[in-house]
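# Structural features, examined
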Amino acid sequence: MSQPGIPAFGSTLTSLQAQNGAASASGSPYTNGPIQNALMSSQGYNSQLPGSYPHLIPAKTLNPVSGQSNYGGPQTVSPLSSYQGPGQTLHRPPVASTPVTSSLHSGPVPRMPQHTSHNSAAIPMPSGSFHPGANIPPPLNWQYNYPSAGSQTNDCPNVSSGPTMSGNTNLTSHQYVSSGDPSLQNNFIKSGAPLGPLPTGGPPPVRALTAQKSSHRTVPQPSFNSAINQEGITSSTNNGSLVVHNNYDEIEGGGFLATPQLTNKNPTISRSVGYSYPSLPPGYQNTTPPSTTGMPPSSLSYPSGPQAFSQMPLGANHLTASMSGLSLHPEGLRVINLLQERNMLPSTPLQPPVPNLHEDIQRLNCNPELFRCTLTSIPQTQALLNKAKLPLGLLLHPFKDLVQLPVVTSSTIVRCRSCRTYINPFVSFLDQRRWKCNLCYQVNDVPEEFMYNPLTRAYGEPHRRPEVQNATIEFMAPSEYMLRPPQPPVYLFVFDVSHNAVETGYLTSVCQSLLDNLDLLPGNTRTKIGFITFDSTIHFYSLQEGLSQPQMLIVSDIEDVFIPMPENLLVNLNESKELVQDLLKTLPQMFTKTLETQSALGPALQAAFKLMSPTGGRMSVFQTQLPTLGVGALKPREEPNQRSSAKEIHLMPSTDFYKKLALDCSGQQVAVDLFLLSGQYSDLASLGCISRYSAGSVYYYPSYHHQHNPVQVQKLQKELQRYLTRKIGFEAVMRIRCTKGLSIHTFHGNFFVRSTDLLSLPNVNPDAGYAVQMSVEENLMDTQLVSFQSALLYTSSKGERRIRVHTLCLPVVSTLNEVFLGADVQAISGLLANMAVDRSVTASLSDARDALVNAVIDSLSAYRSSVLSNHQPGLMVPFSLRLFPLFVLALLKQKSFQTGTNARLDERIFAMCQVKNQPLVHLMLTTHPNLYRVDNLSDEGALNINDRTIPQPPILQLSVEKLSRDGAFLMDAGSVLMLWVGKNCGQHFFSQVLGVQSYALIPQTMTDLPELDTPESARTVAFICWLREQRPFFPVLYVIRDESPMKANFLQNMVEDRTESALSYYEFLLHIQQQVNK
Ligand SMILES: [Zn+2]
């Protein structure tokens, strides 16, 4: 997004005019115009002339968010109604609102002083192009810092001083006590034996709540806080309120705070938070992280002898299988005329290019699935980069599940004393005692402890330590990497229970999934859980251990939400498990007769935020409609007849409420995941901000209904299973460093940029991807190698502070040809997609589309004019970019950027969210699906995994020319699998795979394959299972006949063919050629 005050770059715009009729150019080897077999005669496919790509729309700027919000003011509370058990309608007594003269919620609230930054695209780009020309973007002044003065208090009602809930007889028994003891900072302590409101006619509370019960389990030792004080990370008590400055910048950047001295002063620090820091020799663990469960990792002993880890990721066997030096291979040097060589799509998954490095270096390099660069050969100067007209950036999947991950427990984490880079395989040792940083070239001393190599048990081998042998490694972080004791895992679920929500029946599925996976939630004995439901009012559930059943508390004043008895609402999962299970079993029935149609989502989110503020954690919000009440209420904006237009569609949020709240959440280490289950327009453009800026995720189930849409029910269940049990990191920050001379300027993904380059990630999950853009600020003449390092500091669900570090090393080149040879077309397409989403929002969709097209034209023009010596006719491309036009065309046809379709606005927005938040591998599959013929699967070339034989059919081009009526074809489009069955497909396939006797007997809606006792069935089922296992979401399978409504979707993904509103691949190539050869 543009920053005010920075003028947009002007540029000439090349608009893509459809070259109709060009496809029939004589002598062309292509016949992509009229389709010869008549398969595709209906349902959205016709031979209408494609429309033109409209011109740009002036760029818009986003106003900076003021960041002001106020939760202060008098509070009212309604009497607490009783929870009456399963199957009964709720009785809500009349509200007797009583003002609470509370200072609890009216005090100053910490807010980011100026939210002037946005997640990405802070650099205004010229319209219609992603290239800022020769202008290097000015350094940005994004800052997210708390004022240093102690004028703020955390919004932590539970530690403010004195009982303050006077005026409400129900609540006066609650004493909110703060002793002023800083050790209580994360807890709410009640004195005496306050009783929750009694359920009418219900059983009395069984036991009084004691301070010990609710606090000591999670309370840090006081010494830790003194450590914080000593570190100068200000933490002081002020009238019982604790001031903690969230200066994570110092922490990740740091360890600079003279730790040894600190430790000497206060030897109890480390012990007090449950760590021990062994002195020589350090212990090493080789931990296998859990893939999908919260099971404790099993420790393996580190193999002796120096040995590079092969970080074989889950389910990606063929991706790591071949890493042959593409750029060194003669094939890689080939120049290709795309107008002559039609079939450039490899029949096996496309491999990332291998950097042109000495094999000893490349052997240690980071796995491209975790960390890759758009250019595997880095241009020496910005001028050279500008010349290439290719985007320079990184794509990261930093928290991916790994089968093997070396974990280091050491008292000393060796980092550059100048730039704080972690020691890595690409540093150089000047001698045994000194190493030179590969990012800033500072010469550092090798600490005494590092001289010992635990692998060989030898002294004097610092270069053989695991830190120097692994590009991906995880450190157990000592206390100086903490601002506060590691937080407990906290999970809060917020459910829409309005009439609309009850109609969908989603609560049954979600509660059942939660019941099934309750013991698998990542966590430990400190895990906390809580529930809020809402319609026009907000309902809390007291789950305090000892109650005989959950108590429901209703707050009906949504104008000024407050939290009744906060200490009983987020409870220890182990202690209150029965109550939690009780609630989950009851919840689906509790609202079945509700007539309440309103949705007070905004107030419910505010309540949830307040409840979680003291600890941080994960908030999972389930919403089924447009919010209609209170703050954050939204109005319908989608106009059905404008769906097809590329202009004037509402991609911008209509309110900044969700963004502001997300930033508040981020500041308190709360991430919000949004599950939207709605058949109607719900303004995801606005709602999605709550997840985007708090580092959450968005899940979308359009038209979810428990009876009418069983496929969605299955999808939700499978995805919840993954969601609830996957690994999670709390209170995380990530920083990406690069070699001096390179500069990172724009970030893509779900997070908040806290201080120029520190990403705030209240939660981090293994399914999230990130991208960054870079520029060359100073020339790199003096170096042959550059490195990039990402460091992710997080708290594990076991309460350990850990740092996961990935380091990538790439060569520097001085010629344009080398830059092109090293281009990574998938990474380039992925980064362009991210940039195009930003452009769509800040300017317009048509502008973004133009920019995508121009990215191809500009780079291929540069190649033609600056690299090729003889200008032959045709469209000449370097081998590395042979798929560039195809992938960009696929992006233009992707749901995010397509025009002329009836794509609903929320679906488009969701597709854009996915572009921003998915790892590259999934983004590419969504953009350019894989097509396989599956009626003749064989074991030839099959994979063998755990005694399973998985066929590997060749990947086909996405054109109906590849289909035939006597076959069956599976399209893997990432989040959906479509199996198109031809009419004349052999009887064999019908009976042996589909389990029906003829084509006519294939059910109209078939979303599952039977597991038959035939080799054909076994192969097909194994292949589909294997495809599904490789992704964190659950692709639904549709079996499609000619009459199926899904056929249009299937054809929509035939990227190489012409559609109603988009060019065929060949037409697109002709257009590119015409522009390039101008
Ligand atoms: Zn350095």
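Computed from a predicted model, the values in this text were never measured in an experiment.

## Points about the overall build of the protein
- Check the secondary structure of the protein and you find 27 helices and 42 strands.
- With 1078 residues in all, the protein has 63% of them scored as buried.
- Counting contacts in the protein only where the partners sit at least 6 residues apart, residues at least 24 apart contribute 78% of the total.

## As for the side chain of Asp-496
- Within the secondary structure layout, Asp-496 lies in strand β20 (residues 490–496).
- Apart from residues lying up to four places away in sequence, Asp-496 is in contact with Ala-501, Tyr-506, Phe-534, Phe-622, Gln-623, Thr-624 and Gln-625.

## What to know about the coordination of the zinc ion
- Listed as protein donors to the zinc ion are Cys-416 (SG), Cys-419 (SG), Cys-437 (SG) and Cys-440 (SG); their distances from the metal cover 2.2 to 2.3 Å.
- For the zinc ion, the 4 donor atoms in the first shell make angles of 101 to 116° at the metal, a pattern classed as tetrahedral.
- Binding-site remark: the zinc ion is held by donors from one chain whose sequence spacing is C-x2-C-x17-C-x2-C. Here Cys-419 is found in the loop between β13 (405–408) and β14 (428–431), whereas its partner Cys-440 is found in the loop between β15 (434–436) and β16 (443–445), with 21 residues between them in sequence.
- Take Cys-419: its relative accessible area is 23%, and that puts it in the partly exposed class.
- Take Cys-440: its relative accessible area is 19%, and that puts it in the buried class.

## Quick word on helix α23 (residues 920–927)
- By the criterion of burial, α23 is predominantly enclosed, with 6 of the 8 residues buried.
- All of the buried residues along α23 are Leu-920, His-922, Leu-923, Met-924, Leu-925 and Thr-927.

## Regarding the sheet that holds strand β41 (residues 976–981)
- Within the open sheet, the 5 strands sit side by side as β39-β36-β40-β41-β42. Their pairing is mixed. Strands with a single pairing partner mark the edges of an open sheet, and in this sheet they are β39 (955–956) and β42 (1036–1040).
- Note that β41 and β42 share 5 bridges and pair parallel. Among the inter-strand pairings, Val-976 is bridged to a residue of β42, identified as Val-1036.

## Observations regarding the environment of Leu-758
- Looking at where Leu-758 falls in the secondary structure, it is placed in strand β31 (residues 758–764).
- Spatially, the C-alpha atoms of Leu-758 and Val-733 are 6.7 Å apart, while their sequence positions differ by 25 residues.

## Some words on the packing of aromatic side chains
- If you walk through the whole model with that rule in mind, you get 23 aromatic pairs.
- Ring centres of Phe-495 and Phe-622 lie 5.3 Å apart, and the angle between their planes is 50°; this geometry places the pair in the tilted category. Here the residue Phe-495 occupies a position in strand β20, and Phe-622 occupies one in strand β25 (residues 617–623), the gap between them amounting to 127 residues. Taken as a pair, Phe-495 and Phe-622 share a single burial class, namely buried.
- Aromatic side chains Phe-969 and Trp-980 sit 6.2 Å apart centroid to centroid with 40° between the ring planes, which places their arrangement in the tilted category. Of this pair, Phe-969 sits in strand β40 (residues 968–972) while Trp-980 sits in strand β41, placing them 11 residues apart in sequence.
- For Phe-969, a relative accessible area of 1% corresponds to the buried category.
- Joined through ring pairs, the aromatic side chains of Phe-493, Phe-495, Tyr-506, Phe-531, Phe-622, Phe-675, Tyr-699 and Tyr-723 make up one cluster.
- Arg-618 extends its terminal NZ or CZ atom over the ring of Tyr-723, reaching a point 4.2 Å from the ring centre.
- Positioned over the ring face of Phe-879 is Arg-882, at 3.8 Å from the centre of the ring.

## Section: the nonpolar core
- In terms of nonpolar packing, the biggest core is built from 212 residues, with Met-619, Phe-788, Leu-979 and Leu-994 touching the most fellow members.
- Considering each element in turn, this core owes the most residues, 11 residues, to helix α20 (residues 845–866).
- Phe-493, Val-497, Phe-622 and Phe-730 belong to the second largest nonpolar core, which has 42 residues in total.

## Topic: the environment of Asn-750
- As for its position among the elements, Asn-750 is in the loop between β29 (742–748) and β30 (752–755).
- Take Asn-750: its relative accessible area is 8%, and that puts it in the buried class.
- When the C-alpha positions of Asn-750 and Arg-692 are compared, they lie 4.4 Å apart, and in sequence the two are 58 residues distant.
- Reaching out from Asn-750, the side chain makes a polar contact with the backbone oxygen of Gly-696 at a distance of 2.8 Å.

## Quick look at the packing of α20 against helix α21 (residues 884–893)
- In contact at an axis separation of 10 Å, α20 and α21 are set at 175° when each is read in the N-to-C sense. Between α20 and α21, the angle is such that the two are roughly antiparallel. Judged by residue contacts, Arg-849, Leu-852, Val-853, Ala-855, Val-856, Ser-859 and Leu-860 of α20 engage Phe-884, Pro-885, Val-888, Leu-891 and Leu-892 from α21.
- When the residues that make up the contact of α20 with α21 are grouped by side-chain class, the tally is 10 nonpolar, 1 polar and 1 charged.

## Considering helix α12 (residues 577–590)
- Compared with the 20 Å implied by 1.5 Å per residue over 14 residues, the 19 Å span of α12 between its first and last C-alpha is a close match.
- Those residues of α12 not exposed but buried are Leu-579, Val-580, Leu-583, Leu-584, Thr-586, Leu-587, Pro-588 and Met-590.
- Structurally, α12 contributes buried residues whose contacts are with β20, α11 (506–517), β21 (528–534), β22 (538–542) and β23 (551–555).

## Observations concerning the pairing of β25
- Burial of β25 is extensive: 7 of the 7 residues sit out of reach of the surface.
- With 5 bridges joining them, β20 and β25 adopt parallel strand pairing. When the sheet's bridge partners are listed, Leu-492 is paired in β25 with Met-619.

## Considerations on the confidence of the model for the protein
- Overall, the prediction assigns the protein a mean pLDDT of 75, with 69% of residues at 70 or greater.
- Within the model, pLDDT remains below 50 along residues 1–126, and this stretch shows 331 contacts once partners closer than five positions in the same chain are excluded.
- Below pLDDT 50 for its whole length, residues 133–246 participates in 254 contacts with residues either more than four positions away or in separate chains.

## Describing the sheet that holds β16
- Reading across from one edge, β14-β15-β16 is the order of the 3 strands in this open sheet, with antiparallel pairing throughout. Lying at the two open borders of the sheet, with one neighbouring strand each, are β14 and β16. Each neighbouring strand pair of the sheet contributes to a mean axis angle of 35°, computed without reference to strand direction.
- Two strands pair when backbone bridges link them, and β14 and β15 are joined in this way by 3 bridges, in the antiparallel orientation. If you follow Phe-429 over to β15, its bridge partner there is Trp-435.

## Focus on the packing of helix α24 (residues 987–994) against helix α25 (residues 1015–1029)
- At a minimum axis distance of 7 Å, the contact between α24 and α25 shows a crossing angle of 70°. Between α24 and α25, the angle falls in the class roughly perpendicular. Taken as a pair, α24 and α25 cross one another with a handedness that is right-handed. On α25, the residues touching His-988, Gln-992 and Val-993 of α24 are Glu-1016, Ser-1017 and Thr-1020.
- Split by residue class, the contact of α24 with α25 holds 1 nonpolar, 4 polar and 1 charged.

## Some words on the pattern of salt bridges
- Evaluation of the coordinates by the stated rule reveals 35 salt bridges.
- The salt bridge involving Asp-838 is made with Lys-916; its shortest N-O contact spans 2.6 Å. Of the two residues, Asp-838 is situated in helix α19 (residues 825–842) and Lys-916 in helix α22 (residues 905–917); the sequence distance between them amounts to 78 residues.
- Classification of Lys-916 as buried rests on a relative accessible area of 7%.
- One salt-bridge network, in which partners are shared between bridges, spans Asp-401, Arg-722, Arg-726, Lys-727 and Asp-767.

Definitions and cut-offs
Residues numbered from 1 in each chain as written. Predicted model: local features only at pLDDT ≥ 70, side-chain atom pairs only at ≥ 80, totals over all residues. Heavy atoms only, no water. Helix = DSSP H or I, 4+ residues; strand = E, 2+ residues; numbered from the N terminus. Buried < 20%, exposed > 50% of the residue type's maximum accessible area, 1.4 Å probe, protein only. Contact = heavy atoms within 4.5 Å. Donors = N, O, S within 2.8 Å, 3.2 Å for Na, K, Ca; no water. Tetrahedral: all angles 85-135°; square planar, octahedral: opposite > 155°, others 65-115°. Pairing = 2+ DSSP bridges. Phe/Tyr/Trp six-rings, centres within 6.5 Å; stacked < 30°, edge-to-face > 60°. Lys NZ or Arg CZ within 6 Å of the ring centre and 35° of its normal. Core = buried A, V, L, I, M, F, W, Y, C linked by side-chain atoms within 4.5 Å. Polar contact = N/O pair within 3.5 Å; in protein donor to acceptor, adjacent residues only side chain to side chain. Axes fitted to C-alpha atoms, helices over the stretch in contact; angles between N-to-C directions. Parallel < 35°, antiparallel > 145°, perpendicular 65-115°, else oblique. Nonpolar A, V, L, I, M, F, W, Y, C, P; charged D, E, K, R; others polar. Expected span 1.5 Å × (residues − 1). pLDDT = per-residue confidence, 0-100. Left-handed = near helix turned anticlockwise from the far one by under 90°. Salt bridge = Lys/Arg side-chain N within 4 Å of Asp/Glu carboxyl O.

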